[in-house]
Amino acid sequence: MPTLQEPAVKELCERLIIEETSSIIVFRSGDHYGVWVVTEGELDVELQLKYSDIFFSVVDEFPEFVCDFMVFTRDEFNNFPAPKDIKIVYKRGREYR
């Protein structure tokens, strides 16, 4: 089960808690992390760029950080096979850290 002990993962998750974020899911994939974001509404180009800027700001601070990063709408996420051993670290209205 992944944890938020990795400083880059913790920093990324904290920055991803924005108004449009519904959930943040963290998992390990081999020797690196996966971080998925599920949005409340539609994922337009502006919102994609917003999440991309957040992700790359963390990569700039932690250049050794290797992460599979994806952003989904709720419908996309519900139709996508989830990896094993995921950890939900944020869900609107609740925190699981």
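Please read all numbers here as calculations on a predicted model, not as lab measurements.

Before going further, it helps to examine the environment of Asn 78. Looking at the element boundaries, Asn 78 is found in helix H3 (residues 74-78). A sequence separation of 40 residues divides Asn 78 from Val 38, and the C-alpha atoms of the two residues are 9.7 Å apart.

With 23 residues, the main nonpolar core has Leu 12, Leu 16, Ile 24, Val 26, Val 35, Tyr 51 and Phe 65 as its most contacted residues. Top contributing element to this core by residue count: helix H2 (residues 45-61), with 6 residues. When neighbours within four sequence positions are excluded, Val 35 is seen to be in contact with Leu 12, Leu 16, Ile 24, Ile 25, Val 26, Phe 27, Cys 67, Asp 68, Phe 69 and Met 70. Within the second largest apolar cluster, 6 residues are counted, among which are Ile 25, Trp 36, Val 38 and Phe 72.

Per the stated rule, a full pass over the model turns up 3 salt bridges. The partner of Arg 15 in a salt bridge is Glu 11, with the nearest N and O atoms 2.7 Å apart. With a gap of 4 residues between them, Arg 15 and Glu 11 both fall in helix H1 (residues 7-16), about one helical turn apart. On the accessibility criterion, Arg 15 (24% relative accessible area) is partly exposed. Classification of Glu 11 by relative accessible area gives partly exposed; the value is 25%.

Cut-off values and rules
Residues numbered from 1 in each chain as written. Predicted model: local features only at pLDDT ≥ 70, side-chain atom pairs only at ≥ 80, totals over all residues. Heavy atoms only, no water. Helix = DSSP H or I, 4+ residues; strand = E, 2+ residues; numbered from the N terminus. Core = buried A, V, L, I, M, F, W, Y, C linked by side-chain atoms within 4.5 Å. Buried < 20%, exposed > 50% of the residue type's maximum accessible area, 1.4 Å probe, protein only. Contact = heavy atoms within 4.5 Å. Salt bridge = Lys/Arg side-chain N within 4 Å of Asp/Glu carboxyl O.

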